[in-house]
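The residues making up each chain are set out below.
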Amino acid sequence: MSIERRAISALKWATAAKVIVQIASWAGTLVVIRLLTPHDYGLMAKVSVICSIASVVAELGLGAAIVRSAQIVGDDLRKIYGLSLLFGLGVTAAVAATAPLLAWLFQEPLLSLPIAVAALQIMVGVVAIIPSALANRELSFRQLAKVEVAAGISGIAATLVLALLGAGVWALVLGNLFGAVVRSAVLLATGPRVRPLFSFGGLGEQLKFGLTVVGNRISYYVVIQSDVLIGSAFLTTTEIGQYSVALQLATLPMSKIMGTVNEVMMPAMARLQDDRASVRDAVMKCIGLMSLLSFPVLWGISAVAPELVRLLFGEAWMVVVPALVILPLIGPIRMVSSLIFTTSLALGNRKLDLRNTIANFALVPTGFFVGAHWGLIGLCSAWLVSVPLAYAFSVPAALGSIGLRAIELVKECGPPALAAGAMYAAIAALRPLLVDAPVIVALGALCIGGGLTYVVVMWAISRRHLVIARSFARSFVMRDRAGK
């Protein structure tokens, strides 16, 4: 089977898993969010900042090194596993030991124990690094899809039960930990058996690549988590909780779709790295499809934010509406840029990726620092200024490394952006007519009206996008004959 067909098959299974988990997740979240307070979500947001950055450090980029090279087998795998276990244990212990200091820095004494317990996720994830990386390398996303569904639903169920029992922030901490345990347990039970070897000779190239990746990822995670890190100095924990809930809803399509696409793109593009023409064509298709979907979905969330919050979370959460109007607007740019950066890294452009990350590291947190002085709305608005500035430095070079020009990017993204703008205007014009309608009716009418506007405008200005999307959809749903 060709790499393209294998990638489509992988994307199909990964997407199916994400959809199932997300449906279950939001069904549970709609209950949990009425049982917990914004303060609980604010505490969890701060815990997540620490643990997500520490998890990236603990992984050492070795999973990416395995994915990129089919030559890492045998004793090299065992050595990587041994190194990962030792380093993961060290990072877990370090986070747990410094939990009181971290809680003090956040000015939240209640954070100490939740941080220490949540740190166990770091080691839990490291023990399954080999089967996870090998499945990614072989594009075995059918297997990974089953793992993600089992872990996702288990974590959601645990969170819901604990929230019903009145556990507060512990429902979020322990629910996430339980899901991570299930994920690693299933991977270890179903994946290849690899015994660790605590001898690290001959891993120079893998460590070199891994350290470059982990350096980039640490900078990236610091950048994307700097909103909470910096915002915590200016906003209350309750406001941080409101922000984190709005951000979760605003970036939900982006985080789930891009997590899946990047998982597939990294190994697929790495295998095609000697055929740059195929890489270029594949990336252009992906950019077009990503733009066609991301602009209407994310700008649509922004356009219907009042109705969406009222229906999903209730009147008590209406304070997050302005944040939800602002945050999704930058999403399509982030999704397309992420696709470009992942492809560039898969082609081996480590130094370029590091340079891009440095630009983001310098500009994005600065924007959050300035914006946070104006409270919740200022913190949200910082995304609209700092991210485009950072990408103005990084995207052109990444495009050049793939063999693309900026004008080609504009041609792929421009029509969906124009059509989504027309959709946004149509929703704004339709809203006054639905003032007295029940919220679910109003939301449905706005979505239908906006969706029809988007399709009609796209048909008028760029039928090519719709034709490519139809062709991809046929390939996506077609049975994988090689898997019969």
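Thresholds, definitions, all that
- Residues numbered from 1 in each chain as written.
- Predicted model: local features only at pLDDT ≥ 70, side-chain atom pairs only at ≥ 80, totals over all residues.
- Heavy atoms only, no water.
- Helix = DSSP H or I, 4+ residues; strand = E, 2+ residues; numbered from the N terminus.
- Buried < 20%, exposed > 50% of the residue type's maximum accessible area, 1.4 Å probe, protein only.
- Areas by Shrake-Rupley, 256 points an atom, 1.4 Å probe, with all protein chains shown as cover.
- Contact = heavy atoms within 4.5 Å.
- Salt bridge = Lys/Arg side-chain N within 4 Å of Asp/Glu carboxyl O.
- Expected span 1.5 Å × (residues − 1).
- Axes fitted to C-alpha atoms, helices over the stretch in contact; angles between N-to-C directions.
- Parallel < 35°, antiparallel > 145°, perpendicular 65-115°, else oblique.
- Left-handed = near helix turned anticlockwise from the far one by under 90°.
- Core = buried A, V, L, I, M, F, W, Y, C linked by side-chain atoms within 4.5 Å.
- Phe/Tyr/Trp six-rings, centres within 6.5 Å; stacked < 30°, edge-to-face > 60°.

Asks: Help me get a handle on the overall build of the protein chain, residues and values and all.
Replies: When you go through the protein chain residue by residue, the secondary structure sums to 21 helices and 0 strands. The burial tally for the protein chain puts 54% of its 484 residues in the buried class. Accessible surface computed for the protein chain: about 20800 Å², of which carbon and sulfur atoms make up 69%.

Asks: Run through the environment of Leu229, naming residues and quoting values.
Replies: Considering the arrangement of structural elements, one finds Leu229 in helix α11 (residues 204-231). With 140 residues separating them in the primary sequence, Leu229 and Phe369 have C-alpha atoms 9.7 Å apart. With residues near it in sequence (within four places) discarded, Leu229 still touches Val49 and Phe106.

Asks: An account of the pattern of salt bridges is needed here, citing residue identities and associated values.
Replies: Throughout the structure, instances matching the rule amount to 6 salt bridges. Between Arg310 and Glu315 there is a salt bridge, with the nearest N and O atoms lying 2.7 Å from each other. The class of Arg310 is partly exposed, set by a relative accessible area of 34%. Since its relative accessible area comes to 53%, Glu315 is described here as exposed. The partner of Arg464 in a salt bridge is Glu412, with the nearest N and O atoms 3.0 Å apart. Placement of the pair is Arg464 in helix α21 (residues 463-477) and Glu412 in helix α19 (residues 406-430), with a sequence separation of 52 residues. Accessibility expressed as a relative area gives 8% for Glu412, which makes it buried. Residues joined in a network through salt bridges with shared partners are Arg280, Asp281, Arg405 and Glu408.

Asks: Account for unusual backbone geometry, naming residues and giving values.
Replies: In this structure, Gln107 is a non-glycine residue whose phi angle is positive, near 60°. Along the chain, the position of Gln107 falls in the loop between α5 (99-105) and α6 (112-118).

Asks: Which residues make up helix α10 (residues 169-190), and what values go with them?
Replies: Spanning 22 residues, α10 covers 32 Å between terminal C-alpha atoms, matching the ideal 32 Å at 1.5 Å per step. All of the buried residues along α10 are Val169, Ala171, Leu172, Val173, Gly175, Leu177, Gly179, Ala180, Val182, Ser184 and Leu187.

Asks: Before we move on, could you go through the environment of Gly414 and cite the residues and values that matter?
Replies: Among the secondary structure elements, Gly414 is positioned in helix α19. According to the relative accessible area criterion, Gly414 is partly exposed, its value standing at 24%.

Asks: So what's going on with the side chain of Ser244? Which residues, and what values?
Replies: Along the polypeptide, Ser244 turns up in helix α12 (residues 237-271). Apart from the residues within four sequence positions on either side, Ser244 is in contact with Tyr41 and Ala45.

Asks: Give a detailed account of the side chain of Ser302, specifying residues and quantitative values.
Replies: With respect to the element layout, Ser302 can be found in helix α13 (residues 276-303). Setting aside residues up to four positions removed in sequence, Ser302 forms contacts with Leu324, Val325, Pro328, Leu329 and Tyr424.

Asks: Let's hear about the packing of helix α2 (residues 38-59) against helix α4 (residues 74-97): which residues, and what values?
Replies: The interhelical angle for the contact between α2 and α4, taken along N-to-C directions, is 155°, at an axis separation of 9 Å. Taken together, the axes of α2 and α4 are roughly antiparallel relative to one another. At the point where α2 passes α4, the crossing takes the right-handed sense. In this structure, α2 uses Ile50, Ala54, Val57 and Ala58 to contact α4, whose residues at the interface are Phe87, Gly88, Val91 and Val95.

Asks: Requested: an account of the nonpolar core, with residues and values cited.
Replies: With 124 residues, the main nonpolar core has Ile130, Ile287, Leu327 and Ile340 as its most contacted residues. If sequence neighbours within four positions are ignored, Ile287 has contacts with Val336, Leu339, Ile340, Leu404, Leu409, Glu412 and Cys413.

Asks: So what's going on with α4? Which residues, and what values?
Replies: Along its 24 residues, α4 runs 35 Å from first to last C-alpha, staying within 8% of the 34 Å computed at 1.5 Å per residue. Taken together, the buried positions of α4 are Leu77, Lys79, Ile80, Tyr81, Gly82, Leu83, Ser84, Leu85, Gly88, Val91, Thr92 and Val95.

Asks: Go over the packing of aromatic side chains with me, naming the residues and quoting the values.
Replies: A full pass over the atoms with the stated rule returns 6 aromatic pairs. Taken together, a centroid distance of 5.7 Å and an interplanar angle of 70° make the contact between Phe341 and Tyr391 edge-to-face. In this pair, Phe341 is assigned in helix α16 (residues 331-346) and Tyr391 in helix α18 (residues 375-402), connecting sequence segments 50 residues apart. For Tyr391, a relative accessible area of 13% puts it in the buried group. Centroid distance Phe368 to Trp383: 5.0 Å. Interplanar angle 70°. Geometry classified as edge-to-face. With Phe368 in helix α17 (residues 350-372) and Trp383 in helix α18, this pair connects stretches of sequence that are 15 residues apart. For the pair shown, Phe368 and Trp383 are each scored as buried. Of the aromatic side chains, those joined through ring pairs into one cluster are Tyr41, Phe313 and Trp317.

Interpretation note: all reported values are geometric properties and have no functional meaning in isolation.
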